[in-house]
Amino acid sequence: FMCVSAISLGGGRDEERGLTASGSDDELITIYETIREGAKAFLWAEYQICFMFVVVFGFLIFVLVSHVDGAWDFSVGALTAISFVVGALTSILAGYIGMMVAVFSNARTTISAKKEGELGWVESFNTAFRAGGVMGYSLVAISMMVLYVLALIYRDYFSVWDGEERKVDYKNLFECIAGYGLGGSAIAMFGRVGGGIFTKAADVGADLSGKVIGVGDGKKLDEDSPYNPGVIADNVGDNVGDVAGMGSDLFGSFGEASCAAMLIGASCVAVEDAGWTALVFPLFISASGIVVCLLVSFVATDLYIVRKEEDIELALKIQLFLTSIFMTLVLWPVTDWALPGSMDIHGVEVTPFLCYICIAAGLWGGCAIGFLTEYFTSHSYQPVRDVARSAETGAATNIIYGLALGYQSVVAPVIIISFIIFISFKFAGMYGVALAALGMLSTLATCLAIDVYGPISDNAGGIAEMCEMPSEVRDKTDALDAAGNTTAAIGKGFAIGSAALVSLALFGAFVTRASDNMHDEEKLTHRGVNLLSPVVFAFVLFGAMVPYWFSAMTMRSVGEAANAM
């Protein structure tokens, strides 16, 4: 952050480093401040609704969770509601930090791109990537620290001292902690859906304003033209969806996976007997990830330096690949140290090595999904070039071919996720699935840095266009933006892949906890869920329909908002 903030928007110190201030600098500062004001206005409007939702839904959680085993225990309901509120507020804080960092860095990326030759490539890429790193490290560190402190406070509340011996009700403790993940996911819903509608409506609205309505006499405007009235909303929208929305989404996945893993672990006698270190082992995975991502981040900025356009995508891929390699090396000693030598998790004999395999499967599965996403969305590879070529015969063939390629692109990631689920469930039951989700999210700091780099570069290009800067500046920002569109898709790949694992882990945590109060012959962990049951099968079909329903509503909202804009 200090490296990014050292770049002056008005010349000053940068003039000594070869950056000459021009007449466009005053205009650049005006545009920068307008985008920042728009971002703050959006966040305030969205978070007002979020605060009201948190209060109402928090009270509902307090009432419903307080009714336990046919009796009222308001302390459990209150603690769960507090966890929910803390998770929601932490998600809001993480989204706000990411949004402000992205807006703070966009104009500085444009300033860096004004430098001539290799220096312009190096400075502009490093500015955008370092700003993304601030978002990644702050989100992971804050979310993990808040969750751990909350767990420590709850441990003291659920502790009973028998002389010198301390006994803790870990099952109720982590059941109350589970509200933290729910709070993060609630805000993710607003960030992803509300922010996504704003992002796409602003994007389409700016296109309609410039390319359909235009300025009369058949003259059209580019979406980033300074004469396009929708251009500021478009630039704000880039940050809303891919920074605040993506951050909240991945924060929710991280919180839910951590809570699910700790709750399932608390139901295992061997893990509970091993002590606090084994119980909070899921957080050690994320803590290791922060250190590894931080050390590897210097590869892209100081070792493999971006000197030309062709270096950008390769630098980002090397960053993701090296992070996965070093995480693989680091996780085994951490796993062997934290977990007991043998665990019986609902009839499955589990060792630290099997848990390590589950984590590694999630880690490398996420890396593979990231690379596959890049292959299908990067202009460097055949799929995107084929779509571009199909546009030569008109919009109809372009849409048909693009949809076909989109459907084809999901085949390999779904196979990978299925393989991860099979391996992790086979080796360590639902605990393994939760660990696999955390393995996929262990490189979250790097993934967010790569993802947030995209909208920052996009905004930098928009600012350069609005300031009517020289073509060589636009060449740099356009190249950064092209790679940024791909990196945004990589982030979405991680979010969707981890969400699939997290949803199964949460279902496993629910089944595990619900089975504790059942007779042995009725426990769902032994009997399973009967898919041929009419109720189960009917609601499976209902659940499969829900995404289409939501998609229809959001797409309609985007169209209406874009038209109104």
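The rules behind the values
Every residue gets a number counted from 1 within its own chain, in the order that chain's sequence is written. With the structure being a predicted model, the display of local features is reserved for residues of pLDDT at least 70 and the display and counting of side-chain atom pairs for 80 or more, all residues being used for whole-chain, interface and lining totals. The side-chain quantities take in all heavy atoms of the structure and omit both hydrogens and water. Numbering goes from the N terminus for both helices and strands, where a helix is a DSSP run of H or I of at least four residues and a strand is a run of E of at least two. Radius of gyration means the value over C-alpha atoms here, while the globule rule gives 2.2 Å times the residue count to the 0.38 power. Residue exposure (1.4 Å probe, protein chains only): buried if accessible area is under 20% of the type maximum, exposed if over 50%, otherwise partly exposed. When checking whether two residues touch, look at their non-hydrogen atoms; a contact exists if any pair is within 4.5 Å. Charge assignment: positive for Lys and Arg, negative for Asp and Glu; neither His nor the chain ends contribute. Taken as the charge location is NZ of Lys, CZ of Arg, CG of Asp or CD of Glu. Following DSSP output, two strands are said to pair if at least two bridges run between them. In what follows, salt bridge is the name for a side-chain nitrogen of Lys or Arg lying within 4 Å of a carboxyl oxygen of Asp or Glu. In this analysis, a patch consists of residues with relative accessible area above 30% that form no salt bridge, clustered at 9 Å for like charges and at 5 Å for the nonpolar side chains Val, Leu, Ile, Met, Phe, Trp and Tyr. For the accessible areas, the method is Shrake-Rupley and the probe is 1.4 Å, while residue cover comes only from the protein chains on display. Only the contacting stretch of a helix is used when fitting its axis, a line to C-alpha atoms as for every element, and angles between N-to-C directions run 0 to 180 degrees. Geometric relationships in this document are graded by angle, where less than 35 degrees denotes roughly parallel, more than 145 denotes roughly antiparallel, 65 to 115 denotes roughly perpendicular, and other angles denote oblique. Nonpolar core, defined: a set of buried Ala, Val, Leu, Ile, Met, Phe, Trp, Tyr and Cys residues in which side-chain atoms within 4.5 Å join the residues together. In this scheme, a crossing is called left-handed if the near helix is turned counterclockwise away from the far one by less than a right angle; it is called right-handed if the turn is clockwise. Just so you know the grouping, Ala, Val, Leu, Ile, Met, Phe, Trp, Tyr, Cys and Pro go in nonpolar, Asp, Glu, Lys and Arg go in charged, and all remaining residues, Gly too, go in polar. Ring pairs shown here join Phe, Tyr and Trp side chains whose ring centres sit within 6.5 Å, with only the six-membered ring taken for Trp; geometry is labelled stacked below 30 degrees between planes, edge-to-face above 60, and tilted in between. In this scheme, a helix's expected span is set at 1.5 Å multiplied by one less than its residue total. Polar contact criterion, stated in full: a pair of N or O atoms within 3.5 Å, where within protein one must be able to donate a hydrogen and the other to accept it, and residues adjacent in sequence count only if both atoms are side-chain atoms. pLDDT is a residue-level measure of predictor confidence that goes from 0 to 100.

Let us now look at the overall build of the protein. Assigned secondary structure in the protein consists of 20 helices and six strands. At 25 Å, the protein has a C-alpha radius of gyration in line with the 24 Å of a compact globule built from 565 residues. Dimensions of the protein, computed from the C-alpha atoms along their principal axes, are close to 80 × 50 × 45 Å. A total of 565 residues make up the protein; the buried ones form 53% of that total. By sequence separation, contacts in the protein at least 24 residues apart represent 77% of the contacts at least 6 residues apart. Taking the 30 positively charged and 57 negatively charged side chains of the protein as two groups, their mean positions are separated by 2 Å.

Of the pairings in the sheet, the one linking strand S3 (residues 159-162) to strand S4 (residues 165-168) comprises four bridges and is antiparallel in character. Bridging across to S4, Val-160 finds its partner in Lys-167.

The next subject is the pattern of salt bridges. Counted by the stated rule, this structure contains seven salt bridges. In this structure, the salt-bridge partner of Asp-249 is Arg-192, at a minimum N-O distance of 3.2 Å. Here Asp-249 is found in helix H8 (residues 231-266), whereas its partner Arg-192 is found in helix H7 (residues 179-213), with 57 residues between them in sequence. For Asp-249, a relative accessible area of 18% translates into the label buried. Ionic pairing is found between Lys-308 and Asp-311, a salt bridge with its closest N-O pair at 3.3 Å.

Once that is clear, we can look at a negative patch on the surface. Together, Glu-116, Glu-309, Glu-310, Glu-472 and Asp-475 make up a region of like negative charge exposed at the surface. Here Glu-310 shows up in the loop between helix H11 (281-303) and helix H12 (311-338).

Take the packing of helix H4 (residues 74-113) against helix H5 (residues 117-157) next. Running from amino to carboxyl end, H4 crosses H5 at an angle of 170 degrees, the nearest separation of the two axes being 9 Å. In terms of orientation, H4 lies roughly antiparallel with respect to H5.

Attention now moves to a nonpolar patch on the surface. A grouping of Val-535, Phe-539, Phe-542, Met-545, Trp-549, Phe-550 and Met-553 is seen on the molecular surface, where their side chains present a nonpolar patch of about 740 Å² in accessible area. Examined against the element boundaries, Phe-542 turns out to sit in helix H20 (residues 534-564).

The subject of this paragraph is the nonpolar core. Phe-125, Phe-174, Ile-177, Phe-281 and Ile-312 are the most contacted members of the largest nonpolar core, which totals 109 residues. For this core, the element with the highest residue contribution is H5, accounting for 15 residues. When near neighbours in sequence (up to four residues on either side) are disregarded, Phe-174 contacts Met-262, Leu-263, Ala-266, Trp-276 and Leu-279. One finds Leu-28, Ile-31, Tyr-47 and Ile-92 within the second-largest nonpolar core, a separate group that totals 34 residues.

A separate point is the packing of H12 against helix H18 (residues 471-515). Where H12 contacts H18, the two axes come as close as 9 Å, and the packing angle between them is 30 degrees. It follows that H12 is roughly parallel to H18 by the angle criterion. Once H12 is placed against H18, the crossing between them reads as right-handed. Judged by residue contacts, Ile-312, Glu-313, Leu-316 and Leu-320 of H12 engage Ala-479, Leu-480, Ala-483, Thr-486, Thr-487 and Phe-494 from H18. Partitioned by chemical class, the residues of the contact of H12 with H18 number seven nonpolar, two polar and one charged.

To continue, consider the environment of Ala-488. Inspection of the secondary structure assignment puts Ala-488 in helix H18. A relative accessible area of 7% places Ala-488 in the buried class. With 209 residues separating them in the primary sequence, Ala-488 and Leu-279 have C-alpha atoms 34 Å apart. Residues contacting Ala-488, with those up to four places away along its chain left out, are Asp-242, Met-246 and Asp-451.

Summed over all chains, the structure comprises 24 aromatic pairs. Judged by centre distance (5.2 Å) and plane angle (65 degrees), the ring pair of Phe-53 and Phe-190 falls under edge-to-face. Here Phe-53 is found in helix H3 (residues 24-65), whereas its partner Phe-190 is found in helix H7, with 137 residues between them in sequence. Seen from their ring centres, Trp-332 and Phe-353 are 5.9 Å apart, and the 80 degrees between their planes marks the pair as edge-to-face. A residue pair is termed long-range when its members are at least 10 positions apart, and Trp-332 in helix H12 and Phe-353 in helix H13 (residues 352-377) qualify at 21 residues.

Time to look at helix H17 (residues 444-466). For H17, which comprises 23 residues, the first-to-last C-alpha distance of 33 Å matches the rise-based estimate of 33 Å (1.5 Å per residue) to within 8%. Counting buried positions along H17 yields 22 of 23 residues, so the element is predominantly enclosed. After H17 finishes, the residue Glu-468 shows a positive phi value of roughly 55 degrees.

Here the focus is the side chain of Ser-105. Tracing the chain through its elements places Ser-105 in helix H4. Ser-105 gets classed as buried once you look at its relative accessible area, which sits at 1%. At 2.7 Å, the side chain of Ser-105 forms a polar contact with the backbone oxygen of Val-101.

Scored by pLDDT, the protein comes out at a mean of 83, with 94% of its residues at no less than 70. Low pLDDT, under 50, characterises residues 12-23; the predicted model gives this stretch 16 contacts beyond four residues in sequence or across chains.

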